[in-house]
Each structure stands twice: as C-alpha cells, then as structure tokens.
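Letter by letter, the chains look like this.
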Amino acid sequence: MIARVVAGLVVVSVAGATAGPSHLPPPAGTISGKVTYTGTPPKMRPIDMAKEPACVTDHPTPVMTQDVVTGSANSVRYVVVYISGGDQGAPAATDTVRYDQKGCLYIPHVAVMQVHQPLEIFNDDPHSHNIHPLARVNPEWNKSQPKGAPPIRTAWDQPEFIPVKCNVHPWMHGYFAVLATSHFSMTDSTGEFSITGLPPGTYTVTAWHERFGTKSQEVTVAGSETKTANFVLTARPY
Amino acid sequence: MRPQTRWLTLSACGAVLLCGGAVRVVAQEAHVDRLTGRAAAGKPLYTRYCAGCHGDEGDSRGENTQWIDPKPRDFTLATFKCRSTPSGTLPTDQDLYNSVTRGFVTTNMPPWVALTPHNRIDLVAYIKTFSARWSTAKPGTPIAIPPEPAPTVQGILHGRELFQRLECWKCHGAAGHGDGPSAKTLTDNKDDPIRPYDFQTGTRFMCGTTNQDLYRIFMTGLDGSPMPSFADQLQPAQAWDLVHFLRTLQPLKTPEATIWRAWFTTHGRELKPIGQEGGGQ
C-alpha cells in the first residue's frame, strides 16, 4: 500500500521523488541516489516553434530541448530509476497519471506509470495536436485531439518505454515509461531519485535514459534503512 | 525486458511455423465470405510473390526493399494502414484481403488481382503468423458507417469548416495539395519521410475509392503514418459533410464537385480562406 501511494506521488510530481507519508506501517527501505554522466552530452538547443504562433507567445523565452537535460556536477534529469528484478508483483495503481500537451510541450516530458494504470492525456492548447505513441510491444495508435476535446483515457498492457510524438509539431517528443513494478522514481533537476516503500530484499535497480541507455546494479535493503545507489551513464552526442 | 523478448521469440516461431509444444502459434487461418485461408498454403505463395519486398521474415527486409519508397510493410509490427477498425487495433481479415487485392496506389505494392481469391486469403493467413499480436489480441470492431446522405452545399460548407477546425490543412494544405506547414517534417513509424495525401492530383486513395472508404480513412487513421484517427472528434453527420467537402478538392467529376462548383462561381468570394488566419467559413 505504501508503495502504491508513493508511486502515485512520484508520477504526479514532475520534480521527482519525495518521501512517502510517514505515518503508514510497516517499516520499509529506500534506495536513493544520483544519476550523472561521463562523456560529452549533446547541447540543449532552443526549440523553434515558429510554425505554431500561439506556442511562440506562450514562451517569452525560448524553451530548450528536453531529451537531454543536464545540471551541475554532470547530473541528468528525466532518468527513470526502477526495480527491474527481485520485486514482488504488485497490482496496478488505480490513481490516474496525467499527461498534458501545453504550449506545444509534453508535461511531464517523461510520464512514468505501471502497466494497466489509467492514463489521461489532455490538450490544454488553443489548437490541435495529434498524439502518436510509437509503441512496438504495445499497439501503436495515433489520434487527433483538437482544442477543447475531452482527455483521451487509456492504459498500456505491456511494460515498454514508448516514444510519444505529435506529427503536427515535430519538436514535440516525450515518453511513456510503462513499468511492471510499482517501485520507481524519476530524477529531478539535480539528478536525484528516491525509491521508497521497499520490503527487505535484494533488488536489481535499473536507470533508463532515452538517449544514454540503461545501467543496472544489485542493491540489498534490510529493514527500514536507506541505501545509496548512484548511476553513471555514458553520454553520447547525437 | 522480458515481455519484449518473449514477443520476439513468438514472432520468430510464427515465421517458421515450427514451434515446440510450449509456444502456442495461432492465427493460422483467415476468413472472408465462404473462403478459409491457411497459412501453410500461403507460405509458398508468399515466398514467390511477396518476400522480395516484405522479406522472408516479414520484416520488410526483402532484396528489393532498399530501392523502394515508401518501404514495404513490416508485418512483425502488426501495424496496418487500411483498417475498418479503430486506431491501435488489428485489422479484420477482410481489411487485409482488400489491401492485397487493391494494392497501394502510388506505391510499389501492386494489386494482386491476378492471384485467385483463395490464394489471397491464404496469403492473409500467412501474413498473420509474423506477429504474436495475432494470438494475444483480436481484431478491433469495425466502425459503424451510417447511410450516406445526399450531398448539399450546406453540408460541403460544414465539411470545409471541419477541415479548418480539425486542422487537416496543417498537413494537407489549405487547398489539399499536400503542402501544409507541417508537411515537410512528417515521418512514419520507421522515421522515414512521408508526404500527406495530395487531393489535387489524387483520384484514388490507398485505402479505397468510394465515399465509404474515405469516411473510414479519416475516422480510423492510417496507423504507422502521421495520419491520425478522428473517430472521437466527429459525429457521423459531420463525417459525411467532411467526405463531401474532400471530394470537391479532387480532380473528379463527382456529384459533390458539381454542386460545389456551381455554388462557388457565384459565392466563392464570400468564403474566408483556410489556414492559420482563416476561419474557413
């Protein structure tokens, strides 16, 4: 139960993990750490939205690309860190994950969810988007969502990192990170993550980044301790 | 990731049709009307007629693929353009049979009318062995298409408003010439560049020729391409209005075009232009 509540929080807060509610039993462990890169990452570039005047007005200062977002001390944002092994299967969370198309951007850039967890996709812009998840394991679909259209309600059946794009606005790229586990976190702007609510056990922890790939390590958690697991991803220029 | 691996294994099994007891390979049959197609009978036909483009493994890596644009369909993805079923669902056997029969106009995919109906349905059964999705999911339920109303100027004007409001013009262009502001950057699900349909030169569609086919095209979308589904955005009456408007963009002597041209010569100047500044009304 703790795990599910925490998972929900992680999904909703774009900034990433926060500590779970403290009043809930039983004691459970935490794996937290920081994700950094070695090598030369591609530079973030300003996005040219000239094709959609409304979106240009939405952003008085140009927005930077979000596929590689790095911070001080080589930290990497939007890395999904999750339990890929050693986890007891958990039923899908029932709280709804929200994905917004706003100012010609996907918010959050990466939405993390469990298989079968409800997902709602909103268009908050005064014009159309087509939302096109380029799924391979799950079925690919492509739907138009004009301004004012109701949210698209859906869910995914299989774990998969699904690239999402809008064909009308070629700079719009995002991801649905669909996981089997209920234990996950996403790095914030300082590259930090925290996976809470873990029963004692030995886990494989995996960090996934859309450009820099994945890294895994084993971590054993006993009681309600907090273990540190840092990840160093290899940056690749475009 | 585990499920992914399993999926690949399954589809490899499907391709050779020889799988040990543990894996259940299915979708060995296809049905249209009274015909039952069998994958085993489709296989030699596929090797002879289709593999050069679609590849022995159905992965669109045939010997001719490199010379072909757009690329042949990759059957291992089980993603198809011409469907009667909603976006994200498998097509019906009839849909695939129709595609094989009709071919894809303006592409290298020929119409296979020279093969017997039985050959074609055998081929459909065989195509379905390339992806495990045919065993884990059922085809979608075909969308309902209510009877077509007679075209009217009012209806065509409504259709024109929808073309503006649903922003078809951003890809297809204000006059349907395939040159909208987003046209140049479009890519398909394999990252290959793709052009929106040009109504000004196109007399036929890849997914059919009739008004019903046209209705189906924009309601279900062409999965794998940038062309989205509008099924959630249009009531049937609106969809028919849009069909009738689209017909006026084509170089055809359709009833819609006749009504429209007569009206346009006297009222054309009252129309707002379609596009970024236009209201399209």
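Our structure's up above, just so we're on the same page.
Rules of the game
- Residues numbered from 1 in each chain as written.
- Chains lettered and ligands numbered in written order.
- Predicted model: local features only at pLDDT ≥ 70, side-chain atom pairs only at ≥ 80, totals over all residues.
- Heavy atoms only, no water.
- Axes fitted to C-alpha atoms, helices over the stretch in contact; angles between N-to-C directions.
- Helix = DSSP H or I, 4+ residues; strand = E, 2+ residues; numbered from the N terminus.
- Parallel < 35°, antiparallel > 145°, perpendicular 65-115°, else oblique.
- Left-handed = near helix turned anticlockwise from the far one by under 90°.
- Contact = heavy atoms within 4.5 Å.
- Nonpolar A, V, L, I, M, F, W, Y, C, P; charged D, E, K, R; others polar.
- Pairing = 2+ DSSP bridges.

**Q** What exactly am I supposed to notice about the packing of helix α4 (residues 93–102) of chain B against helix α5 (residues 117–127) of chain B here?
**A** Packed helices, taken two at a time, are described by the angle between their axes plus the distance between the axes. All names here are of chain B. In contact at an axis separation of 9 Å, α4 and α5 are set at 120 degrees when each is read in the N-to-C sense. Compared by their axis directions, α4 and α5 come out oblique. In the packing of α4 onto α5, the handedness of the crossing is right-handed. Along its contact with α4, which presents Asp93, Leu96, Tyr97, Val100 and Thr101, the element α5 presents Pro117, Arg120, Ile121 and Val124. Grouping the amino acids of the contact of α4 with α5 by side-chain chemistry returns six nonpolar, one polar and two charged.

**Q** Even after reading the chapter, I still don't get the environment of Met44 of chain A, so can you show me in this structure?
**A** All names here are of chain A. Tracing the backbone shows Met44 in the loop between β1 (29–39) and α2 (53–58). In sequence terms Met44 and Leu134 are 90 residues apart; their C-alpha atoms lie 23 Å from each other. Excluding its chain neighbours within four sequence positions, the residues that come into contact with Met44 are Met64, Thr65, Val68, Val69 and Thr70.

**Q** Sorry, what's going on with the sheet that holds strand β3 (residues 97–102) of chain A here?
**A** In a beta sheet, neighbouring strands pair by backbone hydrogen bonds and run either parallel or antiparallel. Residue and element names in this part refer to chain A. One open sheet holds the four strands; their spatial order is β4-β3-β6-β9, and the pairing between them is mixed. A strand with exactly one partner marks an edge of an open sheet, and here the two such strands are β4 (105–107) and β9 (152–154). Each strand axis lies, on average, 20 degrees off the axis of its neighbour in the sheet, ignoring direction. Strand direction decides the pairing type here: β3 and β4, joined by three bridges, are antiparallel. Note on β4: the bridge partner recorded for Gln101 is Tyr106.

Treat this as a map of the structure, not an account of what it does.
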